[in-house]
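# Structure at a glance
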Amino acid sequence: MLEEIIKKGLTQLNQKGELGDRTKYVGSSDLSCERKAYLSKINPPNFSDENLMVFMRGNLTEEILKKILDNQKMNYTYQKEVIHPQKQHIKAHIDFLFQGKQEFGILEVKSTKHMPDEPYDTWINQIHYQMGLVALNNPDKKVKGAVIAFDISEGNYRIFNGFVYNQSFFNELEKIADKIWNALNNNDLKDLKPSPSFLCSYCHYRADCPAFLFYDDNAIDLNPISQSVFDYIEGKNMEKEGSNIADKNKAAIKNFMRNFTIGKLEDITVKFSQKNRNSLDTKRLALEHPDIYSLYKKETSYTQIDII
Ligand code: SF4
């Protein structure tokens, strides 16, 4: 019952937040992958509850920033729609648009679980697309932009600043938008390019995507998330190294303290105490009382990653 209410509510709230009929224009989020943009318009995906919850997290993030800006009495326009003056199919919705006498400032809000060190290419494309559209509509003003990424579960945020309108960059993005639009009108995606990235993880059109490569032994190509793989290996090595350092120094501290149980160093207190842990000799139990062992044995599954 409650699950049904949540599912219905999530779906309806997300429909409410939809930015117009996305089949009628090419928006800034369509630029991440031409193929995905096309397919999502002709064959919209059925979003899972998890997907809808993630969309809601994005909306909540914008709400948080809105409250902060309102508290500081900032003047801005929220979700400002900007359309190419000559091409109605090229359109963007700007999260926060600030208007000064001489220039416009654009702020794009992102919600993320993994804060990147640098903005993703897809974010950069989005902000340039938006800046380009504002510049075309306001040729006498300067346009600058920033992306602010929030990790609301960690209470963290990062600002990627310093983007300025760049006409040749925008021209390239405009060509991509035209390509997607022409493909939609011709009902043919053969000229569209798939762009593998970390976003493939959430893509509903991955099963038959030609960019989704496999090696001979049915191994999947991890190039689109290469940084995550390298960072994982580095993190695991640091974990191992950290645990070796801690073990080695624990022994040194113990040796020095001998029978003393408390030591002090500046504002650090080191305390040793004896703890007992109860454990079960499962091998012996299985051997001597197999019936009891099988009655209480519990199997749980977990994910193990092996780097070979
Ligand atoms: S799997 Fe990746 S490359 Fe293929 S359509 Fe989806 S987002 Fe694009």
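Predicted model, so just to flag it, every value in this text is computed and none were measured. Along each chain, the written sequence defines residue order, and numbers are assigned to residues from 1. With the structure being a predicted model, the display of local features is reserved for residues of pLDDT at least 70 and the display and counting of side-chain atom pairs for 80 or more, all residues being used for whole-chain, interface and lining totals. In computing side-chain values, all of the structure's heavy atoms are included and hydrogens and water are not.

## So, the packing of helix α2 (residues 34-42) against helix α5 (residues 167-186)
Stated precisely, the cut-off is as follows: To obtain an axis, a line is fitted to C-alpha atoms, over the contacting stretch when the element is a helix, and the angle between two such axes runs from 0 to 180 degrees between their N-to-C directions. Secondary structure counts use DSSP, requiring at least four H or I residues in a row for a helix and at least two E residues in a row for a strand, with both numbered from the N terminus. An angle counts as roughly parallel when it lies under 35 degrees, as roughly antiparallel when it exceeds 145, as roughly perpendicular when it falls between 65 and 115, and as oblique in every other case. The crossing is said to be left-handed when, going from far helix to near helix, the turn is anticlockwise and less than a right angle, and right-handed when the turn is clockwise. The contact rule is simple, with two residues in contact once any of their heavy atoms fall within 4.5 Å. In the scheme used here, Gly and all other residues not listed as nonpolar or charged are polar, with Ala, Val, Leu, Ile, Met, Phe, Trp, Tyr, Cys and Pro taken as nonpolar and Asp, Glu, Lys and Arg as charged.
Two elements in contact, α2 and α5, have axes separated by 10 Å at closest approach and are oriented at 40°. Taken together, the axes of α2 and α5 are oblique relative to one another. As α2 runs across α5, the sense of the crossing is right-handed. Counted together, Glu34, Ala37, Tyr38, Lys41 and Ile42 of α2 and Ile176, Lys179, Ile180, Ala183 and Leu184 of α5 form the full contact between these two elements. Across the contact of α2 with α5, the residue classes tally to seven nonpolar, no polar and three charged.

## A few points about unusual backbone geometry
Heads up, the condition is: Each residue gets one of three labels from its accessible area relative to the maximum for its type: buried under 20%, exposed over 50%, partly exposed in between, using a 1.4 Å probe on protein chains only.
One non-glycine residue with positive phi stands out, namely glutamine 79, at about 50°. Structurally, glutamine 79 can be placed in strand β1 (residues 77-83). With a relative accessible area of 22%, glutamine 79 lands in the partly exposed category. Located in the positive-phi region is asparagine 187, a residue other than glycine, with phi close to 55°. By secondary structure assignment, the location of asparagine 187 is in the loop between α5 and α6 (226-257). Judged by its relative accessible area of 59%, asparagine 187 is exposed.

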